[in-house]
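# Coordinate inspection notes
Now for the letters of each chain:
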Amino acid sequence: MCERVGIRPSSRPCALVLVMCFVPVCQAFLPNFWSRVLTMSWDSYTHQYMTEHTILNITMETLSRMMEHQQDVDNEDLYTGLGRGFWHAVGEVASANAAMDFLNSTRSDPIYHFDSERVEGATEMLRDFWSQTLLLTRAKEYQGARRSLGQLFHSLQDFYSHSNWVEMGQQAVYLHLLNPKDPAVPVASEDIPTCAECYRFSCYNNLLNEMIRGQTEPLLTTGYFSTYPLKPPGKCSHGGILDSSRLQGAEGGINKDSTSPLFSPHHYLHKEAAFLATTATFRVLQDLRDEVGPMSFLRLFSVQQPPALVFVMDTTGSMFEEITAARLRALSIIQAREKRRSTSLPGTFILVPFHDPDFGPVMETDNPHEFMRYMEDLTALGGGDEPEMCLSALQLALTHSPPLSEIFVFTDASPKDRHLQSSVQALILEKQTKVNFLLTEDLNLIGRGRGMRKRRRTETLSPDRFSLYSSLSSVSGGMTVFTSNKDIQKVSAIVEDTTTSSKVSLLHAEGKLDTSNSFRVDKAVTKVMLHITGQHTHCELVSPSGARQSFPGSEGPLAKLDSSQGLYRISLLPPLQIGIWQLMIRAIGPVTFNVLGDSSLDFLYYFAKEANETHPGLRKIEGSPIAGIPLFLVVAVTGLSPNEEALFSHVTLLGPNGESMQKVLLNSSSSHWSGKELVGHMDSVPRMPFSLRLSGKDGRGNLLERVSSEMIQPTHVQIQVYSPPHLFPGRTSVVLFEVFNHGPNCPFTLSAEDDHGYVSHTDQPRQRLLIDEMGSVKREVEIRVPHDAQTARSITLTLTVQAEDSPDSNYAVVHLTVIPEEPDTTPPECSALGVESACPSVCAQGIWKVSLVAKDRGHSGLASVQLAQGEGTLILSEMTRERHQDHFQYVHEETAEAVHLPLLQPQENTSESMEFHINQHLKTEVKHGPQRLEGVQLVSGDPPLNISEWTKGKPLMVNYSSGCCAPQAELVLWDRAGNMRRCHLIASQQRALKENNIAHRWTYTSWIVLMMWVLCCQLALSVI
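We now turn to the structure provided with this report. Since the structure is predicted, the reported quantities are computational estimates derived from the model, not experimental observations.

### Describing the overall build of the protein
Counting its regular elements, the protein contains 21 helices and 38 strands. Residues classed as buried in the protein amount to 61% of the 1024 residues present. Within the protein, counting contacts between residues at least 6 apart in sequence, those at least 24 apart form 74% of the total. On the protein, roughly 40,000 Å² of surface is accessible, and the fraction owed to carbon and sulfur atoms is 52%.

### Quick look at the packing of aromatic side chains
Counted according to the given criterion, the structure contains 21 aromatic pairs. The interplanar angle of 70 degrees and the centroid separation of 5.2 Å between the aromatic rings of F114 and F159 together place this pair among those described as edge-to-face. In this pair, F114 sits in the loop between α5 (84–99) and α6 (119–138) while F159 sits in helix α7 (residues 142–162), placing the two residues 45 residues apart along the sequence. The exposure class of F114 is buried, given its relative accessible area of 0%. With a relative accessible area of 0%, F159 lands in the buried category. Here the aromatic residues F114, F159, Y160, W165 and Y174 are joined through ring pairs into a cluster of three or more.

### Thoughts on the environment of A752
Tracing the sequence through the fold places A752 in strand β24 (residues 746–754). Residues A752 and S423 lie 329 residues apart in sequence; the distance between their C-alpha atoms is 8.2 Å. In this structure A752 touches V759, H761, P765, V781, L797, T798 and L799, once residues within four positions along its chain are discounted.

### Structural notes on the pattern of salt bridges
What the rule picks out here adds up to 26 salt bridges. Among the salt bridges present, the one from K140 reaches D366, with a minimum N-O distance of 3.4 Å. Note that K140 is positioned in the loop between α6 and α7 and D366 in the loop between β3 (363–365) and α12 (368–377), a separation of 226 residues in sequence. Classification of K140 as partly exposed rests on a relative accessible area of 46%. A salt bridge links E167 to K256, with the nearest nitrogen and oxygen atoms 2.9 Å apart.

### What about helix α15 (residues 467–476)?
A large share of α15 lies buried, amounting to 7 of its 10 residues. Where α15 is concerned, the buried positions are L468, Y469, L472, S473, S474, V475 and S476. Positive phi shows up at G477, right after α15, with a value of about 85 degrees.

### Focus on the state of the cysteines
Two cysteines whose sulfur atoms are joined by a covalent bond form what is called a disulfide. Per the stated rule, a full pass over the model turns up 5 disulfides. The disulfide bridge from C830 ends at C983, spanning 1.7 Å between sulfur atoms. One quick way to see it: the torsion about the S-S bond of C830 and C983 is about -115 degrees, and its sign makes the bridge left-handed. Here the residue C830 occupies a position in strand β29 (residues 828–837), and C983 occupies one in strand β38 (residues 979–986), the gap between them amounting to 153 residues. Here C830 matches C983 in class, with each residue buried. Covalent S-S linkage joins C843 and C965, the inter-sulfur distance amounting to 1.9 Å. Given an S-S torsion of about 85 degrees, the disulfide between C843 and C965 has right-handed geometry. Taken together, the residues span a long stretch of sequence, with C843 in the loop between β29 and β30 (847–856) and C965 in the loop between β36 (956–963) and β37 (968–975) at a distance of 122 residues. Residue C843 is classed as partly exposed on the basis of its relative accessible area, which comes to 31%.

### Details of the pairing of strand β23 (residues 732–741)
Among the 10 residues of β23, 8 are classified as buried, and the element is accordingly described as predominantly covered. Relative to β23, strand β22 (residues 717–722) runs antiparallel, the two sharing 6 bridges. When the bridges of β23 are listed, V717 appears paired with N741. Pairing geometry for β23 and strand β26 (residues 776–784), over 9 bridges, is antiparallel. Bridged to S733 within β26 is I783.

### Focus on the environment of T278
Checked against the element boundaries, T278 lands in helix α9 (residues 270–292). Separated by 231 residues in sequence, T278 and H47 have C-alpha atoms that sit 9.5 Å apart.

### A closer look at the sheet that holds strand β14 (residues 602–611)
The strand order β15-β14-β16-β19 describes an open sheet built from 4 strands, whose pairing is antiparallel. On the outer flanks of this sheet lie β15 (617–620) and β19 (678–682), each paired with one strand and no other. On average, each strand axis in the sheet is inclined to that of its neighbour by 40 degrees, with strand direction left out of account. Across the sheet, α5 touches β14, β15 and β16 (631–638), and the angle it forms with β14 is around 15 degrees.

### Re helix α13 (residues 390–400)
Counting buried residues along α13, 10 of its 11 residues qualify, which places the element largely inside the surrounding structure. Buried within α13 are the following residues: C390, L391, S392, A393, L394, Q395, L396, A397, L398 and T399.

### Describing the nonpolar core
Core analysis: the biggest nonpolar cluster contains 62 residues, and L82, F86, Y160, W165 and F301 have the highest contact counts within it. Mapped onto this core, the elements with two or more residues apiece are α3 (47–66), α4 (75–80), α5, α6, α7, α9 and α10 (294–300). Leaving out residues up to four positions away in the same chain, Y160 has contacts with W165, V166, V173, Y174, L177, K256, A273, L276, A277 and A280. One finds L429, V435, F466 and V813 within the second-largest nonpolar core, a separate group that totals 31 residues.

### Topic: the sheet that holds β24
Overall, antiparallel pairing links the 4 strands, which are arranged β25-β24-β27-β28 in an open sheet. Where the open sheet ends on each side, the last strands, each with one partner, are β25 (766–771) and β28 (809–818). Here the average twist between neighbouring strands, direction ignored, is 20 degrees. With 10 bridges connecting them, strand β27 (residues 793–803) and β28 associate as antiparallel partners. Residue pairing across strands places L799 opposite A812, the latter belonging to β28.

### Re unusual backbone geometry
Going from G249 to A250, the amide bond is cis rather than trans, its omega being 0 degrees. For A250, the position within the fold is in the loop between α8 (209–212) and α9. Cis geometry marks the peptide bond from F551 to P552; its omega dihedral reads -10 degrees. Here P552 is to be found in the loop between β10 (548–551) and β11 (559–564). Backbone geometry places N205, a non-glycine residue, at a positive phi of 55 degrees. Structurally, N205 is set in the loop between α7 and α8. You can call N205 exposed: its relative accessible area is 72%. Despite not being glycine, A792 has its phi angle at roughly 60 degrees, a positive value. For A792, the position within the fold is in the loop between β26 and β27. With relative accessibility at 8%, the residue A792 sits in the buried group.

### Comments concerning the environment of Q549
Tracing the backbone shows Q549 in strand β10. On the basis of relative accessibility, which here comes to 5%, the residue Q549 falls in the buried class. Taking C-alpha positions, Q549 is 8.5 Å from C539, a pair spaced 10 residues apart along the chain. With sequence-adjacent residues up to four places away left out, Q549 is seen in contact with C539, E540, L541, S554, E555, G556, P557, L558 and A559. Within the local environment of Q549, its side chain forms a polar contact with the backbone oxygen of A559, the two atoms lying 3.0 Å apart.

### Quick word on the packing of helix α14 (residues 421–431) against α15
Orientation of α14 relative to α15, taken along the N-to-C sense of each, is 20 degrees, at an axis distance of 9 Å. Regarding the angle of α14 to α15, the classification is roughly parallel. Helix-helix and strand crossings are classified by hand; for α14 and α15 the assignment is right-handed. Counted together, Q421, V424, Q425, I428 and L429 of α14 and L468, S471, L472, V475 and S476 of α15 form the full contact between these two elements. Its residues assigned to classes, the contact of α14 with α15 comprises 6 nonpolar, 4 polar and no charged.

### Side note on the pairing of β36
In this structure, β30 lies alongside β36, joined through 8 bridges in antiparallel fashion. Within the sheet, the bridge partner assigned to S851 lies in β36 and is N959. Pairing geometry for strand β32 (residues 873–878) and β36, over 6 bridges, is antiparallel. In the strand pairing of β36, T873 is matched with S961.

So, how was this worked out
Residues numbered from 1 in each chain as written. Predicted model: local features only at pLDDT ≥ 70, side-chain atom pairs only at ≥ 80, totals over all residues. Heavy atoms only, no water. Helix = DSSP H or I, 4+ residues; strand = E, 2+ residues; numbered from the N terminus. Buried < 20%, exposed > 50% of the residue type's maximum accessible area, 1.4 Å probe, protein only. Contact = heavy atoms within 4.5 Å. Areas by Shrake-Rupley, 256 points an atom, 1.4 Å probe, with all protein chains shown as cover. Phe/Tyr/Trp six-rings, centres within 6.5 Å; stacked < 30°, edge-to-face > 60°. Salt bridge = Lys/Arg side-chain N within 4 Å of Asp/Glu carboxyl O. Disulfide = S-S within 2.5 Å. Pairing = 2+ DSSP bridges. Axes fitted to C-alpha atoms, helices over the stretch in contact; angles between N-to-C directions. Core = buried A, V, L, I, M, F, W, Y, C linked by side-chain atoms within 4.5 Å. Polar contact = N/O pair within 3.5 Å; in protein donor to acceptor, adjacent residues only side chain to side chain. Parallel < 35°, antiparallel > 145°, perpendicular 65-115°, else oblique. Left-handed = near helix turned anticlockwise from the far one by under 90°. Nonpolar A, V, L, I, M, F, W, Y, C, P; charged D, E, K, R; others polar.

Shown next as structure tokens:
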């Protein structure tokens, strides 16, 4: 068995047969399904396709193994019973995979893609992802594990497309990538040419013989991409029209990302590379299952799990009846789940108590009997006058509960911690979690029992006092029920109604006074339950056949009413009539309608925009969508049998009262969940909040409708987070982000909250920002992790921004992980951005310049820098967003006399003792203080400069300029662990001029090809 980061080296013939039975051969490596459209490579398969289908394969295999002892196991039932939570979990892995091609911090960094012969660093990163996935899965931090697994899959799959492994004739996966004990293939050094010139889009036999056969064994190489980092002469490029390095010798490329010669010079080997990448992905999942066990493996992907049962309980003295009701309801749910459970897991159970001034701790378990012990231990005792710490407890529940959960808050007090409203709402939207508030009357509690809370007031509970609760439940698609202690037991039945895995929404709407709404019952629905909150005076239900029944009243043929204060529960009687039902209400004050049905058919969705940069595809929008701009709506249908067919034609945007606002046409049909998402284009996102209703027909022409009840909140402000760091005990890390204003000039309030209190609020916890129209501001948040922090712990950082004079707000939820700190043996790295070299024959008449980025790949961070050799000047500055983009999107700037090209010679890696390192780099400090590092200059002979106070894990921008008579320089970098890197800088005019000529020869042809590609894409989109 492989140790720590190992992948088992044994062969898996049975598993590979299973792959081929469940899934066609994958042909991968574009980010996601929309990449095929943008690249016109219709028969290419993607990172997304490989990831999703391989997870499906191994999940079905695992379930089949666990049910071998059962008779008459139906694989079709297993498939449809995987659950909406499973497809959401798979989507999280696939999204993390595709994001590696879209995020500024990863999309052009060769370490994440096995580019630019950074094989050693990429392999180390790959093993780190594996270790983190194991660590987080064992700690039951499943969301973090899924993100780490998606990143692992991306880098692993890229190896087979971006390297010459396939061209070597290899028929098996490269085990050394994840198992250090397996033999390694030597990598071509920087001074060894690897490719011959190729002046066509399709490059055959352009790898040199040493890369394919070699005298003893072939050398491993990967293609260089764009201009970061330097492509030495004679090296292979990634290739394709989006890769500017293809214009430098050796021209051409070797990537096998697609079947299109425009984007993949080795397109003819796409199938072979995809097969090996699929096999490697499958092996990782097998080993993960073997390491953590089949039950933990299924929990990682939320297989057959019902929605989490999450209670947030006020435990002050007046809550005896509420606690009793919740306890009895939980017992009923657990008993019902045990009766119908076959292979399904019991789900997640979470309890968060609160009163004033305390809240928590979180009691979380997947053992239902342990949860009941938690509930039995709850007592209604003590407390004081309201308000209470309700939102603090709710925030804890949200950060610990899985996505798509239902949360039930039992209280009779208004919130004391109203400042958390925006953070709580952000978590609700990010996790698509419904929050329901069950609020009880509290009339003159005086001496009602020993230790009970005593409140003297004459007013009863009213919606005004609890408007914040109503607002949060409305956004989430949940309900707020105002009831009494006498009726809380009956009202709590909604907990049982909504926490089965087969529940789907048919209607969710709000209204006042006289309100009428309709909903459709289709043949895929069995039981139907209506929840109506508020003070009702009359209710009438009309069936598709025209039959009517009024409530309250005598029993009728259509439905059965269970009435309590603040809530109507109406159950439609069998046999269900198929078609449109009408519901009319007369009420005093606001009402909420919620119609639930039993069905496996449901859908997931997200908003996305086109990414046409280094990796074409659809990039998922994080946070709320921006109003007034075009976006794509991506829908995935879940729960259909593979043998069922359905055509879904459109999505309707619904307002808060259920009214139709806009229809979004979908571009294709989906017979079952197959990675072929439905895509609709929105010309303009509406300004008003909306929910979604999916409409279609089954294979027999019967109409189908499903509703996603959470309210989407369009806005004009946006938060973009750059490169979330890992956290280590006892260290401070920085989260960089930027706030964009897409609306008029406006003041905003920015807040940052986390669920463990690690955010460092140096001044006020809230900042006021003034942002111009179409402007932005950059900010950072410090996360200070205590020395005794528990590792394998997820930290949820919630950033929110709120306009002061408009409803505009948005959020970013950043999931961070505290990981164990291991010795840092990785030296810093310096990568060139470009060289200006215009040195004439008389060297005294010219200068040369080089710009580069210094970063620490380890976790200790940059500590000091020194110019050890050279007659020029070294200028240091912070890596701002603009410089960050330059770093990853550098484009040649060509003139007749000079060309900007990355230029670095091989780097020397040495290590010195930490004691010597600290003594040296602390000798020099910058006079203007530790807050900014801008324009600091160094020359040869200066002692090492301490930069640790500025960098805090961030990259450093370095610019060096010198006269041409001194064409060499040496930069030395240290990190805090004492690792050292020597970076050699050289000016070279001849090479620059040579590659400049090549670039000019290709420019015209490349632009012609690119324009043809754009026109064809537009034509394809119009047809779709």
